[in-house]
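Examination of the molecular architecture
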Amino acid sequence: MAQEPGLGPLGFPSHGAILSTTAAELDPMQLTRGLLARAAGGGARVYSRTTMTEYEEGGDGLVIRTSRGHTVRAGRLVIAMGYEVPAGLRHQLVNLNSSYALASEVVDSFGLWDDRCLIWESARPYCYLRTTPDNRVLIGGEDVPFRDSTRRDQLLPAKQKRLERHRARMLPGLETETAFAWAGTFGETPDGLPYIGPAKNYPRTLFDWDMAAMASSSVSSRPSYWWMRVAGVRTMTPSCSPSTATSGINSRPRASALGS
């Protein structure tokens, strides 16, 4: 049967796309647990439900205080927790955006999209699509500059309608109905790349600030493992990455739609 005019081999209306294999989808909770388990197996000590309330840098090290009343002294501190870093530093390095996403009810078939590749538009504003293990279509995007969480959430009904229209355009012939819709906040550096290393006024603190890991929907991050030698601190490449069995990472092809 001939395809409708303007539809590519995957069934998406687009002027063209780049199909690559360097992409994956992951369960962030499962990945985090797998990484913590691997670190603990190597001798790291993990303290759950413990918040760092303040820390001070001095000439010979750092003093860290926690919500449980303990004090930790260290030579270096690594912060790898998204944009939850000192406010002054956050404003120097990142812009916050509100983003929106929705998931459909379970579908019986994805039609020509049978390989369920990750879809990422190059358009601005962009949208992305992926599937879920229980056969739902997830679409997100419609980003706007972040002002506050109240304003972000007030926009959700209108953004949901826009995403539903975009989903219908991208998946012609696929009957879908929205089951869940939500909004969140993520950070973005000027060049879109992670910020890894020390920052001004924080010489003993190293930041691993991966914007992909900060996306509110955790939709189509491409996991990268960074091995650094910065500020005199050497990190070694482990013999292997966390296994997919414990990390929740599923490799999928990725199609970047151009001019769609």
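Definitions and limits used
For every chain, the first residue of the written sequence is number 1, and numbering continues from 1 onward in sequence order. In keeping with the model being predicted, local features are shown solely for residues with a pLDDT of at least 70 and side-chain atom pairs are shown and tallied solely at 80 or more, while totals for entire chains, interfaces and linings include all residues. Side-chain measures here rest on the full set of heavy atoms in the structure, leaving out hydrogens and waters. Going along the chain from the N terminus, every DSSP run of H or I of four or more residues is numbered as a helix, and every run of E of two or more is numbered as a strand. Contacts are assigned to residue pairs that have any heavy atoms within 4.5 Å of one another. Each accessible area value is a Shrake-Rupley result obtained with a 1.4 Å probe; residue values ignore everything except the protein chains displayed when judging cover. Ring pairs are drawn from Phe, Tyr and Trp, using the six-membered ring of Trp, whenever the two centres fall within 6.5 Å, and their geometry is named by plane angle: stacked under 30 degrees, edge-to-face over 60, tilted for the rest. Throughout this description, buried means an accessible area under 20% of the type-specific maximum (1.4 Å probe, protein chains only), exposed means over 50%, and partly exposed covers the range between. In a helix, the anticipated span is given by 1.5 Å times the number of residues less one. Within this analysis, the arc is defined by the directions that extend from the helix axis to the C-beta atoms.

Details of the overall build of the protein chain
Helix and strand counts for the protein chain come out as 5 helices and 17 strands. For the protein chain, the share of sequence-separated contacts (at least 6 apart) that also reach a separation of at least 24 residues comes to 71%. Total accessible area on the protein chain stands at roughly 15,300 Å², and carbon and sulfur atoms take up 53% of it.

Re the packing of aromatic side chains
Per the counting criterion, the structure on display carries 5 aromatic pairs. With a centroid separation of 5.2 Å and 15° between ring planes, the pair formed by W120 and Y128 is classed as stacked. On the accessibility criterion, W120 (25% relative accessible area) is partly exposed. A relative accessible area of 4% means that Y128 is categorised as buried. In textbook terms, an aromatic cluster arises when at least three aromatic residues are bridged by ring pairs, as seen for W120, Y126 and Y128.

Quick word on helix α4 (residues 156–170)
Between the first and last C-alpha of α4 there are 20 Å, a value that for 15 residues agrees with the 21 Å anticipated at 1.5 Å per step. Buried residues of α4: L156, K159, L163, H166, R167 and M170, and no others. Down the axis of α4, the smallest arc covering the buried residues is 105°, so these residues share one side. Along α4, the residues that are exposed and aim more than 90 degrees away from the buried face are K161 and R165. Looking at the buried side of α4, the elements it contacts are β7 (95–104), β8 (118–121), β9 (127–131), β10 (137–145), α3 (149–154) and β11 (178–188).

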